[in-house]
Amino acid sequence: MLAIPLIRTQDDSKLTPIERTTLACEQVITALMMQGTLNDPAVTDVERETFTTLSVATIIPAEA
């Protein structure tokens, strides 16, 4: 199972442009890894549903 890095929600106004770019790249990589896992034919429907639930909980904590 993949470890899902949390999508950050803190105030980014004090970050440098390089730091903001780094955070954006991490978010894009996380999204691509999530999609790759969901598209994997070896993943069962139960695993897919669990992964979807966990990914939503990391992006939108209030929905968990």
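See the structure shown above.
So, here's what we can say about the structure. It should be emphasised that the depicted structure is a prediction, and the values quoted were computed from it without experimental measurement.

Time to look at the overall build of the protein. Regarding its fold elements, the protein presents two helices and zero strands. The burial tally for the protein puts 14% of its 64 residues in the buried class. The contacts in the protein between residues at least 6 apart in sequence include a share of 46% that link residues at least 24 apart.

Here we come to the pattern of salt bridges. Pairing between side chains of opposite charge can happen when the charged atoms of each approach one another. What the rule picks out here adds up to one salt bridge. Two residues, arginine 48 and aspartate 45, come together in a salt bridge whose shortest N-O distance is 3.2 Å. Of this pair, arginine 48 and aspartate 45 both sit in helix H2 (residues 45–59), three residues apart, roughly one helical turn.

Moving on to helix H1 (residues 17–39). Taking 1.5 Å as the rise per residue, H1 with 23 residues should run 33 Å; its terminal C-alpha atoms sit 33 Å apart, in good agreement. Buried residues of H1: Leu23, Thr30, Met34 and Thr37, and no others.

Rules used in this analysis
Residues numbered from 1 in each chain as written. Predicted model: local features only at pLDDT ≥ 70, side-chain atom pairs only at ≥ 80, totals over all residues. Heavy atoms only, no water. Helix = DSSP H or I, 4+ residues; strand = E, 2+ residues; numbered from the N terminus. Buried < 20%, exposed > 50% of the residue type's maximum accessible area, 1.4 Å probe, protein only. Contact = heavy atoms within 4.5 Å. Salt bridge = Lys/Arg side-chain N within 4 Å of Asp/Glu carboxyl O. Expected span 1.5 Å × (residues − 1).

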